[in-house]
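An overview of the molecular structure
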6 protein chains.
Amino acid sequence: MPVIQVTMSQGRTVEQKRELVSVLTRETARILKTKQDSIRILIYEVSKENWANAGVLGLDM
Amino acid sequence: MPVIQVTMSQGRTVEQKRELVSVLTRETARILKTKQDSIRILIYEVSKENWANAGVLGLDM
Amino acid sequence: MPVIQVTMSQGRTVEQKRELVSVLTRETARILKTKQDSIRILIYEVSKENWANAGVLGLDM
Amino acid sequence: MPVIQVTMSQGRTVEQKRELVSVLTRETARILKTKQDSIRILIYEVSKENWANAGVLGLDM
Amino acid sequence: MPVIQVTMSQGRTVEQKRELVSVLTRETARILKTKQDSIRILIYEVSKENWANAGVLGLDM
Amino acid sequence: MPVIQVTMSQGRTVEQKRELVSVLTRETARILKTKQDSIRILIYEVSKENWANAGVLGLDM
């Protein structure tokens, strides 16, 4: 049943996303001893003005 | 107090969203015995390259 | 592909949750013209000290 | 370790976001007695057709 | 309409949560020029075995 | 900056969680070409009465 939600900066290629969901699904299924079929991944892309570390926008780093 | 977050593929019409929030709010209030006023819904639309089932991007299905 | 996440106060019965996921799934599938099989629901229960409206904890209302 | 996720309507300026993440980080660190370095904020902007109160879309209010 | 979701380690007191939701709501309303009434906060508490930085569980730090 | 949120059924061991966060962090950093230091993972455990597929609670499967 795992649902994996990844929030990350915009701009990754489709190829990177394709590998990411494939590998995260395979490894999660292996470690949690669940079926790959049961795993869903959602990716939320945010621009550099929409995330911050330590109170500073990504835009200003 | 319920907050309902719906993550779904892009491309639904405003009319579909209007019916969706109306019906989900009415039914949730009825079942949970809470007021419709207290229910908030957030919709996150993701493109087909931003979700995956079983390790495969929506784009590749 | 819809994933529906419901955050609500603790204390609903299993019977209420059973009806909630059944009805939300059926109605969402109907309105979005998608299969019920593709819909996943996650419920997060929070205690009254873990949510607030207008800056006031549920505990203090 | 706090992660703060803010979902809000589209259209705020970068200046507002800059102040928001700065102030939320500073105040959260102070109240929770944690380091500002450990706090991450994510902002999700949604259009008026993607949120609802009491079953009514923001678009229709 | 802002919804603020805070994920943090277990163990804060009710008094800290009360101040946190009060201050975050007041400051967010001020900066975004919205009403405090429209702001909802949800707190998710996670144990030290349920979060990680840099691949290391909080439990192991 | 990636934040990874994993929602899964209760009951995994600390050892499984330790491996999960280690592997997901390492693989995500490699694929997205980002530093492991920048990756945060949050795990939300839900009981079998708090998730559903196709309108059926995990409890009833």
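Residues numbered from 1 in each chain as written. Chains lettered and ligands numbered in written order. Predicted model: local features only at pLDDT ≥ 70, side-chain atom pairs only at ≥ 80, totals over all residues. Heavy atoms only, no water.

As a further point, take the relation of the copies chain B and chain D. A rotation about some axis, followed by a shift along it, carries one copy of the chain onto the other. Once chain B is rotated about the relating axis by 120° and shifted along it by 0.0 Å, it coincides with chain D to within an RMSD of 0.0 Å. Considering both components of the superposition, the chain copies are consistent with a three-fold axis. Of the C-alpha atoms belonging to chain B, the one lying closest to the rotation axis is found on Tyr44 of chain B, 5.0 Å away. An overlap of only 7% is found between the interface residues of chain B and their copies at the interface of chain D, pointing to separate contact surfaces. (Least-squares fit on C-alpha atoms with pLDDT ≥ 70 in both. Contact = heavy atoms within 4.5 Å.)

Before going further, it helps to examine the sheet that holds strand β1 (residues 3-9) of chain A. Read from one edge to the other, the open sheet built from eight strands follows the order β4(B)-β3(B)-β2(A)-β1(A)-β1(F)-β2(F)-β3(E)-β4(E), with strand pairing classed as mixed. At either margin of the open sheet sits one strand with a lone partner, and together these are β4 (56-57) of chain B together with β4 (56-57) of chain E. Pairing geometry for strand β2 (residues 40-46) of chain A and strand β3 (residues 51-53) of chain B, over three bridges, is antiparallel. Across the sheet, Ile41 of chain A pairs through a bridge with Ala52 of chain B, a residue of β3 of chain B. (Pairing = 2+ DSSP bridges. Helix = DSSP H or I, 4+ residues; strand = E, 2+ residues; numbered from the N terminus.)

Formed by 36 residues in total, the largest nonpolar core has its most connected members in Leu42 of chain A, Leu42 of chain B, Leu42 of chain C, Leu42 of chain D, Leu42 of chain E together with Leu42 of chain F. If sequence neighbours within four positions are ignored, Leu42 of chain B has contacts with Val3, Ile4, Gln5 and Val6 of chain B, Thr7, Asn50 and Trp51 of chain D together with Met1 and Val3 of chain E. (Core = buried A, V, L, I, M, F, W, Y, C linked by side-chain atoms within 4.5 Å. Buried < 20%, exposed > 50% of the residue type's maximum accessible area, 1.4 Å probe, protein only.)

Here we take up the interface of chain B and chain D. Listed as interface residues are 15 residues of chain B and, on the opposing side, 13 residues of chain D. Between chain B and chain D, the buried area comes to about 1,200 Å², and carbon and sulfur atoms account for 52% of it. Applying the counting criterion to the chain B and chain D interface returns two salt bridges. For Asp60 of chain D, the salt bridge goes to Arg18 of chain B, with nearest N and O atoms at 2.7 Å. Across the chain B-chain D interface, the total number found is ten residue pairs in polar contact (both at pLDDT 80 or more). (Buried area = accessible area lost by both parts, 1.4 Å probe. Salt bridge = Lys/Arg side-chain N within 4 Å of Asp/Glu carboxyl O. Polar contact = N/O pair within 3.5 Å; in protein donor to acceptor, adjacent residues only side chain to side chain.)

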